[in-house]
Amino acid sequence: MVKPGQDLKDAAARPLSFLQTVKAIGWAFFGVRRGADYDNDVAKLNPVHVIIAGLIGALVFVLLLLLLVNWVIKSNVAGAA
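What counts, and where the lines are drawn
- Residues numbered from 1 in each chain as written.
- Predicted model: local features only at pLDDT ≥ 70, side-chain atom pairs only at ≥ 80, totals over all residues.
- Heavy atoms only, no water.
- Helix = DSSP H or I, 4+ residues; strand = E, 2+ residues; numbered from the N terminus.
- Buried < 20%, exposed > 50% of the residue type's maximum accessible area, 1.4 Å probe, protein only.
- Contact = heavy atoms within 4.5 Å.
- Areas by Shrake-Rupley, 256 points an atom, 1.4 Å probe, with all protein chains shown as cover.
- Axes fitted to C-alpha atoms, helices over the stretch in contact; angles between N-to-C directions.
- Parallel < 35°, antiparallel > 145°, perpendicular 65-115°, else oblique.
- Left-handed = near helix turned anticlockwise from the far one by under 90°.
- 1 Å grid on protein atoms, 1.4 Å probe; cavity = no way out; pocket = protein on both sides within 12 Å on 5 of 7 lines; lining within 4 Å.
- Points joined across faces, edges and corners; volume = space filled by probe spheres on them.

**Observations concerning the overall build of the protein chain**
Check the secondary structure of the protein chain and you find four helices and zero strands. For the protein chain, the sequential pattern of α-helices and β-strands runs α-α-α-α. Expressed as a percentage of the 81 residues in the protein chain, the buried residues total 11%. For the protein chain, the share of sequence-separated contacts (at least 6 apart) that also reach a separation of at least 24 residues comes to 82%. Entry remark: accessible area of the protein chain is about 6,600 Å², with carbon and sulfur atoms responsible for 71%.

Set out below in structure tokens:
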């Protein structure tokens, strides 16, 4: 009999480091990942690390977009026509 929450504890103890998880999430953001590497990641990634890395990646992406929009507006590139 499996204790409640044991599956989550087992998944959280998976061997990949946070840096390896960030690398896998980075590839996922770009959408370029080989099938074999994806299967390997799914088997070894720590789900807690995946959530944290995904949130950080999304935050960085949004901040970069905001910086790009501010730069375009301030440099008057959009209104140069």
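Once you've had a look at it, read on.
**A few points about the packing of helix α2 (residues 18-30) against helix α4 (residues 47-75)**
As a packed pair, α2 and α4 sit with axes 9 Å apart at the nearest point and diverge in direction by 55°. By the angle class used here, α2 and α4 are oblique. The way α2 lies across α4 gives a crossing that is right-handed. On α4, the residues that touch Phe18, Thr21, Val22, Ile25 and Phe29 of α2 are His49, Val50, Ile52, Ala53, Gly54, Ile56, Gly57 and Ala58.

**Some details on the layout of surface pockets**
Taken as a whole, the largest pocket spans an internal volume of roughly 190 Å³. Residue lining of the largest pocket: Gly26, Phe29, Phe30, Gly57, Val60, Phe61 and Leu64, and that is the complete set. Of all the secondary structure elements, the ones that give two or more residues to the lining of the largest pocket are α2 and α4. If one sorts the elements of the lining of the largest pocket by residue count, α4 sits on top with four residues.

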